[in-house]
Structure formats: C-alpha cells, structure tokens
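# Results of the structural survey
What follows is the residue order along each chain.
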Amino acid sequence: MVLSSEDAARAVALIADGHSFHYVANVLRTSPTSIFRVVKLYSEHNSFHRRPGSGCSRSTSARDIFNYGSIERSSCDSSRNKKSVASS
C-alpha cells in the first residue's frame, strides 16, 4: 500500500513520539513494513516522495504488441533462476 504524504508525515511523527511500528501500522491501517520503509526513506532523504525512476521498467510497450518477436527480458527478470535442470 502506498501511503499519502500526509500519512507518511503522521507515521514519522508517531515513530518520533516513541510509538512502535506495529502501533503506527494499526493506526494507519497498513503493514509495519510500509511504515518502516517510509521512516527509512524520510531519514535518508528528508522527503516522503519516491525518487523518480525507482522501480522496474515495463517489460512491454504499446509498439511491442505488434512486434512480439523482438521483446527482450527486462532487467527485473534477471533475478530469476534461468538455469534449466537437465533430465537424466
């Protein structure tokens, strides 16, 4: 779940007041992991906004639909195990 800037600010304020990540997550109805990421992002960049370009690029575009044979794997697919198991 992506938190709004207001919720992110509220999360950082509640954590700064000494509340736990679980308490803040319950108040904002999100996961403790989301709260941890927002607080970490704020402590590193003093901002609640995502940096441009973060995340994986799309694997296809509108023009790839017509030229399906030339689609290559995106960089995010490189983490998959590409080894094939040889059968005996």
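The heading Subcellular location (unreviewed entry) in the UniProt record of the chain holds the text "Nucleus".

A word on the environment of Arg10. Among the secondary structure elements, Arg10 is positioned in helix H1 (residues 5-16). Distance from Arg10 to Leu28, taken between C-alpha atoms, is 8.7 Å for residues 18 residues apart in sequence. When near neighbours in sequence (up to four residues on either side) are disregarded, Arg10 contacts Val27 and Leu28.

Over its 14 residues, helix H3 (residues 32-45) extends 20 Å from the first C-alpha to the last, a length consistent with the 20 Å expected when each residue adds 1.5 Å. Residues of H3 that are buried include every one of Ser34, Ile35, Val38, Val39 and Leu41, and no others. Down the axis of H3, the sector holding all buried residues measures 160°, keeping them to one side. Opposite the buried face of H3, by more than 90 degrees, sit the exposed residues Arg37 and Ser43. Residues of H3 that are buried sit in contact with H1 and helix H2 (21-28).

What counts and how
Residues numbered from 1 in each chain as written. Predicted model: local features only at pLDDT ≥ 70, side-chain atom pairs only at ≥ 80, totals over all residues. Heavy atoms only, no water. UniProt positions renumbered as here; feature names shortened; annotations may be inferred. Helix = DSSP H or I, 4+ residues; strand = E, 2+ residues; numbered from the N terminus. Contact = heavy atoms within 4.5 Å. Expected span 1.5 Å × (residues − 1). Buried < 20%, exposed > 50% of the residue type's maximum accessible area, 1.4 Å probe, protein only. Arc of directions from axis to C-beta.

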